[in-house]
Amino acid sequence: MIGARAIPLPWVLVAPGLWCVAAFIVLPIVSVGAYSFWTRLPSGEVQTVFTLGNWREFFTDPFYVAVLWSTLKLSTATTIICALVGYPPAYALSLIGPRWKGLLVVMLFLPSWISYVVRTMSWLHVLGKNGLVNSLLLGAGVVGEPLPLLYNDMSVVMGLVHYLLPLMILNVYIGLQSVDRNVVDAARTLGATDWQAFLAVTFPWSLPGLSAGCLLCFILSAGTYVTPLVLGGPGTSYYAALIYESVIPQADWPLGAALALVFIFVLAMILVAYGRLVGMGHMFQGIK
Amino acid sequence: MSTVAIDLRRVEKWFGTVGAVVELDLQVRDGEFVALLGSSGCGKTTTLRMIAGLEQPTSGDIFLKDRRINDVPVHKRNVGMVFQNHALFPHKTAFDNIAFGLKYRKVPKPEIQRRVRAALELVRLPHVEERLPSQLSGGQQQRIAVARAIVIEPDILLFDEPLSSLDAGLREEMRIELKRIQRTLGITTVFVTHDQAEALSMSDRVVVMHDGRKEQEGTPEDVFRRPTSEFVTRFFGFVNELTGTVVGDDGGCQVMRIADGVTVRVAGKHEAGRPIKLLLRAERARVGRGFAPVADVSIIPATVRRSDYLGMLVRYFVDAAGQQLQVIQPLEGSAFRDGERVELRVRAEDWIVL
Ligand SMILES: Nc1ncnc2c1ncn2[C@@H]1O[C@H](COP(=O)(O)OP(=O)(O)OP(=O)(O)O)[C@@H](O)[C@H]1O
Ligand SMILES: [Mg+2]
């Protein structure tokens, strides 16, 4: 009781959250940081002997930076496609009457009840040599031999878009929900056509939702390793898959730790830059 | 003879099986200020939105200065509309809010500057050009919304409960302001409200709506003094209900019995031999003592049951003619006490017989 009286209420309220952050985020990162400076013996065993070898490996071999760069490019492409493809359905959803709205939102997330891995695997049957698309094209005589649709960057992006699109739609939809229809109507009475009113009122108003959706899509697509592992080809280089490679099959924990730390740092920098660009406050508050 | 500016002919709007507006005929003359008055859900907003073009009528025709505008899209109708919640563009400054309509009219820049300034002068709100709506008070936001609607020099001005989000004092002030602006511009105006005081004090003509239909229309005095239906009567405050039977004639009035041994004089001619419903507004009767027995006035013995002190006014609940009646009157001196024996005075023309 004495302790509780001494601590101000706000701190008492955030305490559980702070403990969670400390236990599940700060502590693991610190331990990953420690690992990255330890030595891996050829046997795979890790010795708590200080070394800069793992970091030297990252900074001297241009391979790693190239993979990082390609990952960011694929994530950006995924995000842009999600935004372009996701905005119209989100807008339609915001205009629809309340009766159908609930049903459609449920349907939007219906696929997520199936494991993400299974959904990713299902693309094999769609895009594979004997898959749906190729069978149809061959059957129709459009192509003479199966197209190489699978195991390249395209199929990875497609899998990622498939995975992330509902999240984008939901975020944009929530952003659009806050649009005051009266303000749009006001623009129309003042002489704006439907399209002009959309550009002048609805779109700027939906930007917080859109930018939140973009951030989410970008972070999630940059961090995933299942999709590139399943749908990527020999030419696909994906950073998260690289970390997986070094930690699991190669059992090189110290190198994996260094790679992971670099990734966390780069994503954090992107987050900060993005926040500066679109304004974090504006993203989380929306327009009052 | 002024011409008709807005003409609604047999306009209906159905949302599924809900008749939001039914068989509505409405004419607004050039420069006239018409108030659409009615309780919540009676179809006022829907009517306004149909005039603006934001809603398509299910049937019927809408004319604007002899031109049928059913198929004219909103952005070509040239109407100025002021919304209940102001509906300002939150991410634009006051200046840009007002200039919005002018930009779509391809007005040159210097002209926009001049007209926005003039509009701000008219609503008496200069020096706020660079502020965002969130940096303005409720009343100031309302003035910007009005400026934005009038700066485009619209053919008609539509208000949808523009004052309902303001507090009482400000509402009074804006009432006078809006009226002044409307007079200055001489612009045809339809003003939607559920506030009777607003409708009566501002408009040239009041249209009372009920359940999507036009219930009554006329000058403010007309609808207030001579309601043609019980709904309209009750809309303007508390109404006592009594039953009377014609028992005789007395010059211009008729004598009606409203209880055993209690007769009153009622203006007009009424059918004899059957009970007739008599309505009496709470503020049209007087509680007192020693009233002079003038012709055309009835004096009924009464007992005060309870009184509510309302500041300048007092509300009495009195027993008279075998039932409880409500009377609201100015408070002169001290109020009568509960249980006191008093008299109730009613003028013959204050009984409402429908
Ligand atoms: N888009 C809509 N879909 C279905 N019903 C509607 C719609 N708009 C209005 N209504 C119904 O039409 C009727 C009239 O609505 P309207 O908004 O015109 O009322 P109002 O007189 O403006 O009421 P208030 O004073 O509450 O604003 C109501 O019963 C309402 O439920
Ligand atoms: Mg309304």
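Structure shown above.
All values derive from a computational prediction rather than experimental measurement.

Looking only at helices and strands, chain B has eight helices and 19 strands in total. For chain B, the C-alpha atoms occupy an extent of roughly 80 × 45 × 40 Å along the three principal directions. Looking at chain B as a whole, 52% of its 354 residues qualify as buried. Within chain B, contacts between residues separated by at least 24 positions form 64% of all contacts whose residues are at least 6 apart in sequence. Here chain B displays about 16100 Å² of accessible surface, and carbon together with sulfur accounts for 49% of that area. Positive and negative side-chain charges in chain B, numbering 50 and 47 respectively, have mean positions lying 3 Å apart.

The subject of this paragraph is the nonpolar core. One broad rule of soluble globular proteins: the nonpolar side chains tend to lie buried together. Counting 113 residues, the largest nonpolar core has Ile6(B), Ile144(B) and Leu158(B) as the members making the most contacts within it. Counting residues per element, this core draws most heavily on helix α8 (residues 153–177) of chain A, at 11 residues.

Another point: the state of the cysteines. Under the counting rule described, the total for this entry stands at zero disulfides over all chains. Not part of a disulfide, Cys214(A) finds its nearest cysteine sulfur in Cys217(A), a span of 6.8 Å.

As a further point, take the site of ligand 1. Residues and elements named next belong to chain B. Inspection of the region around ligand 1 gives Phe15, Val18, Ala20, Ser40, Gly41, Cys42, Gly43, Lys44, Thr45, Thr46 and Glu161 as its neighbouring residues. A distance of 2.5 Å separates an oxygen atom of ligand 1 from a polar side-chain atom of Thr46. Interatomic distance of 3.1 Å between a side-chain N/O atom of Glu161 and an oxygen atom of ligand 1. In the complex, 59% of the free accessible area of ligand 1, which totals 630 Å², lies under the protein chains. Where the shell around ligand 1 is concerned, the elements lending two or more residues are β2 (18–29) and α1 (44–52). Looking at the shell around ligand 1 residue by residue, the classes come out as four nonpolar, five polar and two charged.

Let us now look at the sheet that holds strand β19 (residues 341–347) of chain B. All names here are of chain B. Judged by pairing direction, the sheet is antiparallel, and its five strands sit side by side in the order β15-β19-β16-β17-β18 without closing on themselves. Looking at the sheet topology across the chains shown, the edges are occupied by β15 (285–288) and β18 (323–330). Taking each pair of neighbouring strands and ignoring which way they run, the sheet shows an average axis angle of 40 degrees. Where β15 meets β19, four bridges bridge the pair, whose relative direction is antiparallel. Note on β19: the bridge partner recorded for Ala285 is Val346.

Turning our attention to the interface of chain A and chain B. With 19 residues of chain A in contact, the opposing surface of chain B contributes 21 residues. Around 1700 Å² of area is buried between chain A and chain B when both sides are counted, 67% of it from carbon and sulfur atoms. Taken together, chain A and chain B are joined by one salt bridge. Put simply, Asp185(A) and Arg49(B) hold a salt bridge, and the shortest N to O gap is 2.9 Å. At the boundary of chain A with chain B, the tally comes to four residue pairs in polar contact (both at pLDDT 80 or more). Where the side of chain A that touches chain B is concerned, the elements lending two or more residues are α9 (181–189) and α10 (194–223) of chain A. Looking at which element gives the most residues to the side of chain A that touches chain B, the answer is α9(A), with seven residues. Class assignment for the residues of the side of chain A that touches chain B results in 10 nonpolar, five polar and four charged.

Turning our attention to the pattern of salt bridges. Taken as a whole and judged by the stated rule, the model has 43 salt bridges over all chains. Residues Glu23(B) and Arg10(B) are paired through a salt bridge, measuring 3.6 Å at the closest nitrogen-oxygen approach. Note that Glu23(B) is positioned in strand β2 and Arg10(B) in strand β1 (residues 4–15), a separation of 13 residues in sequence. Among the residues examined, Arg10(B) registers a relative accessible area of 47% and is labelled partly exposed. The structure contains a network of salt bridges with shared partners spanning Asp185(A), Arg188(A), Asp194(A), Arg49(B) and Glu55(B).

Take the side chain of Asn134(A) next. For Asn134(A), the location among the structural elements is in helix α7 (residues 132–139). Apart from residues lying up to four places away in sequence, Asn134(A) is in contact with Leu127(A), Gly128(A), Lys129(A), Pro146(A), Leu147(A) and Leu149(A).

Residues spaced three or four apart along an α-helix face the same direction, because each turn holds 3.6 residues. For helix α12 (residues 239–247) of chain A, a buried count of seven out of nine residues is recorded, marking the element as mostly surrounded by other parts of the structure. If you check which residues of α12(A) are buried, you get Tyr239(A), Ala240(A), Ala241(A), Leu242(A), Ile243(A), Ser246(A) and Val247(A).

Residues and elements named next belong to chain B. Within the secondary structure, Thr46 sits in helix α1. For Thr46, a relative accessible area of 13% puts it in the buried group. Setting aside anything within four residues of it in sequence, one finds Thr46 in contact with Lys13, Phe15, Ala20 and Val21.

Here we come to the sheet that holds strand β14 (residues 276–281) of chain B. Residues and elements named next belong to chain B. Strand order in this open sheet of four strands is β13-β12-β11-β14, and the pairing throughout is antiparallel. If you trace the sheet from one side to the other, it starts and ends with β13 (262–267) and β14, each paired once. Strand-to-strand twist across the sheet, computed as the mean angle between neighbouring axes with direction ignored, equals 50 degrees. In this sheet, β14 lies alongside strand β11 (residues 239–250) in antiparallel orientation, the contact comprising six bridges. Note on β14: the bridge partner recorded for Asn240 is Leu280.

All names here are of chain B. One can describe the packing of helix α2 (residues 94–104) onto helix α3 (residues 109–122) by two numbers: an axis separation of 10 Å at closest approach and a directional angle of 125 degrees. By the angle between their axes, α2 is oblique relative to α3. Seen along the crossing, α2 lies across α3 with a hand that is right-handed. Only Ile112, Gln113, Arg115, Val116, Ala119 and Leu120 of α3 make contact with α2, whose side of the interface consists of Phe95, Ile98, Ala99, Leu102 and Lys103. Looking at the contact of α2 with α3 residue by residue, the class counts come to eight nonpolar, one polar and two charged.

Residue and element names in this part refer to chain B. As defined by bridge partners, β1 adjoins β2 across eight bridges and the pair is classed as antiparallel. Within β2, the position partnered with Lys13 by the bridge is Val21. Between β1 and β2, which follow one another and run antiparallel, lie two residues, and Gly16 among them has a positive phi close to 60 degrees.

The next subject is the pairing of strand β7 (residues 156–160) of chain B. All names here are of chain B. With respect to burial, β7 is a largely interior element, five of its five residues being buried. Of the two faces of β7, the one holding Ile156, Leu158 and Asp160 and the one holding Leu157 and Phe159 are both buried throughout. Note: strand β6 (residues 79–82) against β7, four bridges, orientation parallel. For Gly80, the partnering residue across the bridge sits in β7 and is Leu157. Pairing analysis gives five bridges linking β7 to strand β8 (residues 188–193), with the strands arranged parallel.

Basis of the calculations
- Residues numbered from 1 in each chain as written.
- Chains lettered and ligands numbered in written order.
- Predicted model: local features only at pLDDT ≥ 70, side-chain atom pairs only at ≥ 80, totals over all residues.
- Heavy atoms only, no water.
- Helix = DSSP H or I, 4+ residues; strand = E, 2+ residues; numbered from the N terminus.
- Buried < 20%, exposed > 50% of the residue type's maximum accessible area, 1.4 Å probe, protein only.
- Contact = heavy atoms within 4.5 Å.
- Areas by Shrake-Rupley, 256 points an atom, 1.4 Å probe, with all protein chains shown as cover.
- Lys, Arg positive; Asp, Glu negative; His and termini not counted.
- Charge placed at Lys NZ, Arg CZ, Asp CG, Glu CD.
- Core = buried A, V, L, I, M, F, W, Y, C linked by side-chain atoms within 4.5 Å.
- Disulfide = S-S within 2.5 Å.
- Near = heavy atom within 4 Å.
- Polar contact = N/O pair within 3.5 Å; in protein donor to acceptor, adjacent residues only side chain to side chain.
- Nonpolar A, V, L, I, M, F, W, Y, C, P; charged D, E, K, R; others polar.
- Pairing = 2+ DSSP bridges.
- Axes fitted to C-alpha atoms, helices over the stretch in contact; angles between N-to-C directions.
- Buried area = accessible area lost by both parts, 1.4 Å probe.
- Salt bridge = Lys/Arg side-chain N within 4 Å of Asp/Glu carboxyl O.
- Parallel < 35°, antiparallel > 145°, perpendicular 65-115°, else oblique.
- Left-handed = near helix turned anticlockwise from the far one by under 90°.

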